[in-house]
Amino acid sequence: MGEPQPVAILVEDERQIRRFVRTALEAEGWIVHETDTLRQGLIDAGTRKPELIILDLGLPDGDGMEFLRDLRGWSNVPVIVLSARVGEADKIEALDAGADDYLTKPFGVGELLARVRAASRRRRDTGMGLGSVFEFGDVKVDLSLRTVHKGSVAIHLTPIEYRMLNLLIANCGKVLTHRQILREVWGPSHTEDGHYVRVYMGHLRQKLENDPAQPKHILTETAVGYRLVQSATD
Amino acid sequence: MPTSSEHRPDPDLLLAKVKRQEADAQRGKLRIYFGSSAGVGKTYAMLAAARKLKAEGRDVVIGVIETHGRSETAALLGDVEILPPKAMPYRGKDLSEFDLDAALLRHPALILVDELAHSNVQGARHPKRWQDVEELLAAGIDVFSTLNVQHLESLNDVVGGITNVRVWETVPDTVFDDADEVVLVDIPAEELLQRLRAGKVYVPLQAERAADNFFRKGNLMALRELALRRTAERVEGDVQAYRVDKSIGSVWKTANALLTCVGPDAGAERVVRGAARLAGQLNAEWHAIYVETPALQRLPAARREKILATLTLAKDLGATTAVIADSDVAMSVVVYARSHNLSKLVIGRDPSRRLWPWQRSSGQKLALLAPDIDLIEIGRTDGAMQNVDARNSSPWPMQPGAESADRRRMKRLRYLWAALSCIAVTLVSMPLAAHFDRSNIVAIYILTVVLVAVRFGRGAAALAAVLSVCAFDFFFVPPRFSFAVSDVQYILTFCIMLAVGLITGQLTAGLRFQARVAAHREERAGSLYEIARDLSGAVQIDQVVRISDQSIERTFRAAAALLLPDEDGQLSMRSERADTALVVEIGIAQWAFDKGQPAGFGTDTLPGSEVLYIPLRAPTLARGVLAVKAHNRRLLRIPEQRQLLDTFAALIAIALERVHYVEVAQDALVSMESERLRNSLLAALSHDLRTPLTVLVGLAESLTLTKPPLSAAQIESAEAIQDEARRMSTLVSNLLDMARIESGEVKLNLQWQPLEEVVGSALNAARAMLKQHVLDVSVPRDLPLVRFDALLIERVLVNLLENASKYTPPGSKITLAGQIAGDSLSVSVADDGPGLTVGHEEAVFQKFTRGEREPATPGVGLGLAICRAIVESHHGKIVATNRPGGGAQFVFTLPLGQPPAAAEEAETANG
């Protein structure tokens, strides 16, 4: 394409994991800077102008959450978090703290690259602004006319359902936590009513998915939140 | 505004009101049909009201009813359910009694219990029927009952005075005053007499003569007046309660309380009743005290029992009681009144006869000591009422004291010693008489009298004084060896000697008494201090048990045992008692524990028992029961001793509670520590195992992506490494999850969510395994939200799907279905494979059990065990069965609840 190669920073203390992640990313055309400490990672993030940061939450020299909060103070570079932790609470915390996506160990190269692609595409899209028409599967959303079609059938969404769909589209490929969705759709006073999101997400699936019990696009990240996937291969 | 602040309700009063209302809400309501005498129609009125309520649909039961063969009343019974009476054996006969336990078991909304004043047969749980009624009320059952004015405790003597018939069955005024409603059933005396003549009033044959006297017009009119007045007093009480309720000003006078003294005279009971009536009229609290002077202490046991019985009567009539040991009655009464802020003193009038003109009546003494206290003297009734000897407050006779014979012997020995001392002194003085002046001999005698007084008390001192005078006269006063006196001045010597002897004897005996009282007090304070100190050091239940057993045995000379409840509230003996001195009846102890009231000896409940059971009430809840059997049972009747015992019980209860919380805190600390340890261990394990697995998976996958591509065989190997590493990872997850769930510390992240969602994510997670199977998913759209931990239920579904795919050949059909089954959501995962080995359906949920004996399929049999653990932690069930058409089926249930309402919005067009 002739564009300069994008830069990724990999913060991970396990050498072998660094090795295969670097191999995979380099094969995709990334320049990868490795570091095994959060301190160095933060310095690199400031100096090397990265387009992606891959961060292991379980580093020996500190808390990954601190890193995220610090970073989000001055940068919106996409961050993918690697987690080997037992609880889902850490993932939610990381996402709420500003991480864009997460991978649970053990993960494969394919999963990693899919997330990386989604993150960089989102970054590109936000740079250009969303197009007026968004499509996933056989669903077509016209964001300027505010209409939704499934195949050739016009679908009627309630205001809340539409706001939720809009939010998913704006964050396509990214995991949204229940709390984030509640804050964006219902407002900051409803962040504890998790069942609202589940009920309306169910409605949305009923209207947009072919088989709501086996969704292809509006995916559940169990106990964490939801993710909109544009194509099944993503 | 000043006026508004004056009428602002007192917060304490309001709080008391709230508390009272709370207590009232749980308690049943008592309505008393109150009449002036038998035959006025109380039972009739009660039945009529009950029938009306029954017609309105209330659950009404007749507990006991006395129709006395009156046909009008019997006709009213109608179809109201009657509780069968209980046969109680008594002196070879079976008496039918009200069956309290059956009534509690039946638990109707309203029960009719006739004749509130009835005394139960010995052996019943309570000696009196009104106590049965109390228990019914406490159980939340409403009660209707009947009562005649002559059965009211405080009016008992007045009625006796009017009719000359004294009834023995009485009801404390507190019961009458605390009744929620009192219905006065009243007919004019003339009409009652007509009814009597018409044979409509039941008159027992054996009491016919008494009844002839009783049913005289004058009597009936007086009784009617009494009943009306008593009802009026009560209504006034209601008005006051209403005014407090509605916060209409304060009608309470704080300094209105009464104090009365109980003495040994027969009139004491009358004074107590008078004080009770007065207190009722003044609506004031009242105290009754008994000042035990040395003289009173020397009374025979029976009379002392009677004084204590009178004190118990006062308590029944609503007084606060106390026993004070002091030689100066007037002073101690005044001190008590001052310290308890009692402004009125009720005393019985002294006997009019006086020994000396300067002797003052007790009233005058009190007036001198405390001119600010109002004195009320209750008149005496000599004669008429005297022969109707005061009834024993307990209907069941007490045993006479066994120690009196022993004491008499002690007394005789003292007098003997006094006489011997005098003889000894005389013998010693004889040879001295030649060398010393007679006045010195007198001094020796006086010294002897003083010593005797100190050692053997007043009686012995008096004897010694008289003997000394005689001996001095006989042996030393000329003419010697004769009682004749030559010199008149010796008469003076004798008088002085006698007076000095008697006075010193009196003084020293008084001092001895004071010292003994002080010693008793010190002993009490000391024993309290000791048990408090010992208990405060106890850190284990066993220590508390030992300390309390020993302390009570030491202080009360009583056998004691602690009964502590287990988790279900069932008491069991904790004290190790080898002896048989204390036989504990668990049933009574359990009653005391459940009701929070003392039972057994000296109480209202089963007083026939030899053992007293005191519930150990701690600030939060009852901690057990203290069983005490005193060797000298009179000891437990003395209010001071009972109070001391109650204080002991409170201290023990607090110690038990403290120990309990110490244990709770220790457990919490230990479990917190072990949880922290476990969590860090699991986190470390999880990290340390997953990191190499991640490397394996990642590197193996990288191999397949290298350029130039590897050979097909190499790629296959790389993929195999990857698959095995992933399987290993699942195994690690299963092991870690099992460890967490088994430790019981897993905290469910319960959320209301649709089943559909977790089915979707489970299918997504199991997609790779199910590639070769046909999947049929049926989750109805209209299933309600269910509360569960999504991650764990997803694990259940994934494990079941994995199980189904593992044990069925490729191409088999796997069906996943959800449906409502009763009050739970049922989810099934079924296949059409070979099914489970018959008889093996339950065993598959055991750890490390698999479908087949030989490990033809890889994997450790943990998956289903985890499923069971997860489902059970959600209060659901999981079962495995073989389908009739072949294949295995796993069904688990999740309880349905009340899902929170989601904010609905109108279905409108987009945007």
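The structure displayed is predicted, hence computed values, not measured ones. (Residues numbered from 1 in each chain as written. Chains lettered and ligands numbered in written order. Predicted model: local features only at pLDDT ≥ 70, side-chain atom pairs only at ≥ 80, totals over all residues. Heavy atoms only, no water.)

Q: Would you take a moment to explain helix α29 (residues 863-873) of chain B for this structure?
A: All names here are of chain B. With nine of eleven residues buried, α29 lies mostly within the body of the structure. When we look at burial in α29, the residues that qualify are Gly-863, Leu-864, Ala-865, Ile-866, Cys-867, Arg-868, Ala-869, Ile-870 and Val-871. Buried residues along α29 sit in contact with α26 (712-742), α28 (790-806), β24 (878-882) and β25 (888-895). (Buried < 20%, exposed > 50% of the residue type's maximum accessible area, 1.4 Å probe, protein only. Helix = DSSP H or I, 4+ residues; strand = E, 2+ residues; numbered from the N terminus. Contact = heavy atoms within 4.5 Å.)

Q: I would appreciate a short explanation of the nonpolar core in the present structure.
A: A general tendency of soluble globular proteins is for nonpolar side chains to be buried together. Residues and elements named next belong to chain B. With 56 residues, the main nonpolar core has Ile-32, Phe-34, Phe-98, Ile-111, Leu-112, Leu-136 and Leu-147 as its most contacted residues. The greatest single-element share of this core, amounting to five residues, is contributed by helix α3 (residues 42-55). Each residue touching Leu-147, except ones within four places of it in the same chain, is listed here: Ile-32, Tyr-33, Phe-34, Gly-35, Lys-42, Leu-116, Ala-117, Leu-152, Val-171 and Phe-176. Counting 46 residues, the second-largest nonpolar core is a separate cluster that includes Leu-816, Leu-862, Cys-867 and Ile-870. (Core = buried A, V, L, I, M, F, W, Y, C linked by side-chain atoms within 4.5 Å.)

Q: I keep staring at the interface of chain A and chain B and nothing clicks. Help me out?
A: How big an interface is tends to be expressed through the accessible area that disappears when the partners come together. The interface of chain A with chain B comprises 44 residues on the first partner and 47 residues on the second. Taking both partners together, chain A and chain B bury about 4000 Å²; carbon and sulfur atoms supply 57% of that area. Counting the contacts that link chain A with chain B gives three salt bridges. On the surface where chain A and chain B come into contact, there are ten residue pairs in polar contact (both at pLDDT 80 or more). Counting residues per element, the ones that place at least two in the side of chain A that touches chain B are α1 (15-27), α5 (109-128), β8 (147-150), α6 (159-170), α8 (194-208) and β11 (218-221) of chain A. Looking at the side of chain A that touches chain B element by element, the count peaks at nine residues for α8(A). (Buried area = accessible area lost by both parts, 1.4 Å probe. Salt bridge = Lys/Arg side-chain N within 4 Å of Asp/Glu carboxyl O. Polar contact = N/O pair within 3.5 Å; in protein donor to acceptor, adjacent residues only side chain to side chain.)

Q: So what exactly am I meant to see when it comes to the packing of helix α20 (residues 458-475) of chain B against helix α21 (residues 489-537) of chain B here?
A: Two numbers describe a pair of packed helices, the interaxial angle and the distance between the axes. Residue and element names in this part refer to chain B. Interaxial distance between α20 and α21 falls to 8 Å at its minimum, and their mutual angle equals 165°. Accordingly, the angle class assigned to the pair α20 and α21 is roughly antiparallel. When the axes of α20 and α21 are compared, the crossing they make is right-handed. When α20 is examined against α21, the residues Arg-458, Ala-461, Ala-462, Ala-465, Val-466, Ser-468, Val-469, Phe-472 and Asp-473 are found in contact with a partner set consisting of Tyr-490, Thr-493, Phe-494, Met-497, Leu-498, Gly-501, Leu-502, Gly-505, Gln-506 and Ala-509. When its residues are assigned to classes, the contact of α20 with α21 shows twelve nonpolar, five polar and two charged. (Axes fitted to C-alpha atoms, helices over the stretch in contact; angles between N-to-C directions. Parallel < 35°, antiparallel > 145°, perpendicular 65-115°, else oblique. Left-handed = near helix turned anticlockwise from the far one by under 90°. Nonpolar A, V, L, I, M, F, W, Y, C, P; charged D, E, K, R; others polar.)

Q: Hey, could you run me through the packing of aromatic side chains in this one?
A: Note on aromatic pairs: each is described by the distance of the centres and the angle between the planes. Residues and elements named next belong to chain B. Counted according to the given criterion, the structure contains 14 aromatic pairs over all chains. Plain terms: the ring middles of Trp-417 and Phe-456 are 6.2 Å apart, the flat faces sit at 10° to each other, and that makes the pair stacked. Here the residue Trp-417 occupies a position in helix α18 (residues 404-432), and Phe-456 occupies one in helix α19 (residues 438-456), the gap between them amounting to 39 residues. For Phe-456, a relative accessible area of 15% gives the class buried. (Phe/Tyr/Trp six-rings, centres within 6.5 Å; stacked < 30°, edge-to-face > 60°.)

Q: So what exactly am I meant to see when it comes to the pairing of β11(A) here?
A: When a strand is regular, its side chains alternate between the sheet's two faces. Residues and elements named next belong to chain A. On β11, burial covers both faces: Ile-218 and Thr-220 on one face and Leu-219 and Glu-221 on the other are all buried. Pairing between β11 and strand β12 (residues 225-228): four bridges, direction antiparallel. Within the sheet, the bridge partner assigned to Leu-219 lies in β12 and is Arg-227. Between β11 and the antiparallel strand that follows it, β12, lie three residues; Ala-223 among them carries a positive phi value of about 65°. (Pairing = 2+ DSSP bridges.)

Q: Please explain the sheet that holds strand β10 (residues 175-177) of chain A as it appears in this structure.
A: Each strand in a sheet pairs with another by means of backbone hydrogen bonds, the pair being arranged parallel or else antiparallel. All names here are of chain A. The strand order across the open sheet formed by three strands is β10-β12-β11, and the pairing between neighbours is antiparallel. At either end of the open sheet lies a strand with only one pairing partner, and these are β10 and β11. Each adjacent strand pair in this sheet contributes to an overall mean axis angle of 30°, direction not counted. In the packing of helix α7 (residues 178-185) onto the sheet, contacts are made with β10 and β12, and the angle to β10 comes to roughly 75°.

Q: Looking at this structure, how should I read the packing of α6(A) against α8(A)?
A: Residue and element names in this part refer to chain A. At their nearest, the axes of α6 and α8 sit 10 Å apart, and the two run at 85° to each other. It follows that α6 is roughly perpendicular to α8 by the angle criterion. Between α6 and α8, the contacting residues are Ile-160, Glu-161, Met-164, Leu-165 and Leu-168 on the first element and Val-197, Tyr-200, Met-201, His-203, Leu-204, Lys-207 and Leu-208 on the second.

Q: Where do I start with the pattern of salt bridges in this structure?
A: For side chains bearing opposite charge, pairing can occur when the charged atoms are close. Residue and element names in this part refer to chain A. In the structure shown here, the tally under the stated rule is 42 salt bridges over all chains. Where Asp-101 meets Arg-115, a salt bridge forms, and the shortest distance between an N and an O atom there is 3.7 Å. Of this pair, Asp-101 sits in strand β5 (residues 101-104) while Arg-115 is found in helix α5, placing the two residues 14 residues apart along the sequence. Considered together, Asp-101 and Arg-115 belong to a single accessibility category, that of buried residues. Bridged by salt links that share partners, the residues Arg-18, Arg-22, Glu-26 and Glu-34 form one connected network.

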